[in-house]
Amino acid sequence: SACSSRFVLSQMHPMWQEPLEVPGGDRQSPIDISIRKSVFDPNLKPLVTRYDPRTCQQIWNNGYSFLVEYDDRTDKSTLHGGPLEDQFRLCQFHFHWGENNNWGSEHTVDRHLYPAELHLVHWNSDKYSLFEEAVMEDNGLAVIGVFMKVGRRHEGLQKLVDALPAVRHKDSVVEFTKFDPSCLLPQNTNEYWTYAGSLTTPPLTEAVTWIIMKQPIEVSHDQLAVFRSLLFTSAEEEVQKSMVNNFRVQQSLKDRTIRSSFN
Ligand SMILES: NS(=O)(=O)N=C1NCCCN1
Ligand SMILES: [Zn+2]
């Protein structure tokens, strides 16, 4: 699908070598969400997600994370409401995690680190016709962030976990269908923070309206361990590197306000 953003692969730098300059630089992500600095906005609406599992296509290890990619050629899996004025189309979701359960999320809440974070990536299909186009525009993308904490096994996630050994190496792809990503959202999606930010992996463009869920989802220790069995490296590379700590360093808030949908 268009959103697999293969063009990004060519510009990709390993996480640990931040590019020297980033586009703009005054609305970069991720950030710490300071609860006392966030401002309650009573005009924020409930989030509306309508995901059609039939648009789910494949899982791909892009050497950064693993992406579950959706057919985004029509408006079948969409997001609107919340802070958004337009309708956005789901193109993929992926995760960021650590080498252990003490860290791994990209965003933090009052400096609290979670072991992992889910990103559901959508692009503005009211204003643009391709992900690649929207990724360059300041109102082009909307990413829902969901924190993950260690607890009960997540039954919906398990189908995804079982498919991971098939995409162990960078550039491997496997068919993956009929997955409804709404099972990965917390039961309360009315409480979130939202702010203007950027992609946290190249092209790092300042195109993202971030919507970070307050309520984390629970996944088991063993499910996270399978994430860590993935590799950054392709099958033919001699030295294999385990895919862990694939999060970006936090960025300055600069002149931004984080709004909350709850008091
Ligand atoms: N972690 S992130 O901000 O979602 N970054 C992304 N970069 C490229 C395409 C999709 N997402
Ligand atoms: Zn991400």
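Data block above holds the structure.
If you're wondering where the values come from, they're calculated on a predicted model, not measured in any experiment.

Things to note about the environment of Leu 253
Its place among the elements puts Leu 253 in the loop between α4 (221-227) and β15 (259-260). The sequence separation of Leu 253 and Tyr 195 amounts to 58 residues, and the corresponding C-alpha distance is 9.8 Å.

Regarding a negative patch on the surface
Where like charges cluster on the molecular surface, the negative patch consists of Asp 171, Glu 236, Glu 237 and Glu 238. Mapped onto the elements, Glu 237 comes out in the loop between α4 and β15.

Digging into unusual backbone geometry
Each neighbour pair has its own omega, and for Ser 29 with Pro 30 the value is 0 degrees, a cis peptide bond. Considering the arrangement of structural elements, one finds Pro 30 in the loop between α1 (6-11) and β1 (32-33). Notably, Lys 178 is not glycine yet its phi reads approximately 55 degrees, a positive angle. Within the element layout of this structure, Lys 178 appears in the loop between β11 (173-175) and β12 (192-197). The exposure class of Lys 178 is exposed, given its relative accessible area of 63%. Located in the positive-phi region is Leu 204, a residue other than glycine, with phi close to 60 degrees.

A closer look at the pattern of salt bridges
On inspection of all chains with the given rule, the structure shows 8 salt bridges. Residue Lys 127 pairs with Asp 86 through a salt bridge whose shortest N-O separation is 2.6 Å. Of the two residues, Lys 127 sits in the loop between β9 (116-124) and α2 (131-134) while Asp 86 sits in the loop between β6 (78-81) and β7 (88-97), which places them 41 residues apart along the sequence. Relative accessible area serves as the criterion here: at 46%, Lys 127 is assigned to the partly exposed category. Put simply, Glu 191 and Lys 214 hold a salt bridge, and the shortest N to O gap is 3.5 Å. Separated by 23 residues along the polypeptide, Glu 191 in the loop between β11 and β12 and Lys 214 in the loop between β13 (208-213) and β14 (217-219) bring together distant segments of the chain. Since its relative accessible area comes to 36%, Lys 214 is described here as partly exposed.

Re the site of ligand 1
Around ligand 1 sit 13 residues, and of these His 94, His 96, Leu 199, Thr 200 and Thr 201 come closest. At 3.3 Å from a nitrogen atom of ligand 1 is found a side-chain nitrogen or oxygen belonging to His 94. In the complex, 97% of the free accessible area of ligand 1, which totals 310 Å², lies under the protein chains. Elements that contribute at least two residues to the shell around ligand 1 include exactly β7 and β9. Ranked by the residues each element gives to the shell around ligand 1, the list is headed by β7, at 3 residues. Tallied by class, residues from the shell around ligand 1 come to 5 nonpolar, 7 polar and 1 charged.

Here is what the cut-offs are and how they apply
- Residues numbered from 1 in each chain as written.
- Chains lettered and ligands numbered in written order.
- Predicted model: local features only at pLDDT ≥ 70, side-chain atom pairs only at ≥ 80, totals over all residues.
- Heavy atoms only, no water.
- Helix = DSSP H or I, 4+ residues; strand = E, 2+ residues; numbered from the N terminus.
- Patch = residues over 30% accessible without salt bridge, like charges linked within 9 Å, V, L, I, M, F, W, Y side chains within 5 Å.
- Areas by Shrake-Rupley, 256 points an atom, 1.4 Å probe, with all protein chains shown as cover.
- Salt bridge = Lys/Arg side-chain N within 4 Å of Asp/Glu carboxyl O.
- Lys, Arg positive; Asp, Glu negative; His and termini not counted.
- Charge placed at Lys NZ, Arg CZ, Asp CG, Glu CD.
- Buried < 20%, exposed > 50% of the residue type's maximum accessible area, 1.4 Å probe, protein only.
- Near = heavy atom within 4 Å.
- Polar contact = N/O pair within 3.5 Å; in protein donor to acceptor, adjacent residues only side chain to side chain.
- Nonpolar A, V, L, I, M, F, W, Y, C, P; charged D, E, K, R; others polar.

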